[in-house]
Amino acid sequence: AAPGSLAVREDFPFEQSPGDTEAYVHLPLPGGAAKEDVFVDLQPTTIRVQVRDRRLVDDRRLFAEIDAKASSWFLESSSSGGTLTIHLEKRKADTWPSLFALSSRK
């Protein structure tokens, strides 16, 4: 998929430090996407992301449990596109090999 397109992917690149409790996911968004267009549902074991009427992440099971109340998201936008950054607060300080569990459907 082209950068900024709204394609559903099997996994997403994410950032974490070894043994840390935080992970960050950066999702490219199309130009003109505003905060009102974005819906992020963070649950202890799943995540769902929707932009306008397109789901980017459809109730995918995370590799391990997060503290949903301590997790958050924010949007950086410009006319040419934007980035949705999701901060996940892990329940345990460990290193995840992937963002999602191997069998990641709920």
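Residues numbered from 1 in each chain as written. Predicted model: local features only at pLDDT ≥ 70, side-chain atom pairs only at ≥ 80, totals over all residues. Heavy atoms only, no water.

**Q** Tell me about the sheet that holds strand 2 (residues 22–29), and name the residues and values.
**A** Spatial ordering of the open sheet is given by 1-2-7-6, a layout of four strands whose pairing is antiparallel. Edge positions in the sheet fall to strand 1 (14–16) and strand 6 (72–78), since each of these pairs with one other strand and no more. Averaged over all neighbouring strand pairs, the angle between strand axes comes to 20°, with direction disregarded. Examined bridge by bridge, strand 2 and strand 7 (residues 81–89) share eight bridges and lie antiparallel to one another. Bridged to E22 within strand 7 is E89. (Pairing = 2+ DSSP bridges. Helix = DSSP H or I, 4+ residues; strand = E, 2+ residues; numbered from the N terminus. Axes fitted to C-alpha atoms, helices over the stretch in contact; angles between N-to-C directions.)

**Q** Describe the pairing of strand 5 (residues 54–62), listing the residues and the values that go with them.
**A** In terms of strand pairing, strand 4 (residues 46–51) meets strand 5 through five bridges, oriented antiparallel. In the sheet register, Q50 faces strand 5, and the bridge partner there is R55. The loop that links strand 4 with its antiparallel partner strand 5 comprises two residues; one of these, R52, has a positive phi angle of about 55°.

**Q** Talk me through unusual backbone geometry; I want residue IDs and the actual numbers.
**A** Even without being glycine, R52 reaches a positive phi, approximately 55°. The topology assignment puts R52 in the loop between strand 4 and strand 5. Although it is not a glycine, D59 sits at a positive phi angle of roughly 50°. As for its position among the elements, D59 is in strand 5.

**Q** Report on the nonpolar core, specifying residues and quantitative values.
**A** Membership of the largest hydrophobic core comes to 22 residues, with the highest contact counts inside it found for L27, I47, V49, L84, I86, L88 and L99. Mapped by element, the contributors of at least two residues to this core are strand 2, strand 3 (38–42), strand 4, strand 5 and strand 7. Top contributing element to this core by residue count: strand 2, with four residues. Non-local contacts of L88, meaning those with residues more than four positions away in its chain, are made with T21, E22, A23, V25, L42, L62, I66, S71, W96 and L99. (Core = buried A, V, L, I, M, F, W, Y, C linked by side-chain atoms within 4.5 Å. Buried < 20%, exposed > 50% of the residue type's maximum accessible area, 1.4 Å probe, protein only. Contact = heavy atoms within 4.5 Å.)

**Q** Residue-level account of the environment of S77, with values.
**A** With respect to the helices and strands, the residue S77 is situated in strand 6. A sequence separation of 42 residues divides S77 from K35, and the C-alpha atoms of the two residues are 8.9 Å apart. Setting aside anything within four residues of it in sequence, one finds S77 in contact with A33 and G82.

**Q** Requested: an account of the side chain of R48, with residues and values cited.
**A** Assignment of secondary structure puts R48 in strand 4. For R48, the contacting residues outside a window of four places in its chain are F39, V40, D41, R55, V57, D58 and D59.

**Q** Can you explain the confidence of the model for the protein? Please cite residues and give values.
**A** Mean pLDDT over the protein: 84, with 85% of residues reaching 70 or higher. Here residues 1–9 is modelled with pLDDT under 50, and outside its nearest four sequence neighbours on either side it reaches 13 contacts, counting other chains as well. (pLDDT = per-residue confidence, 0-100.)

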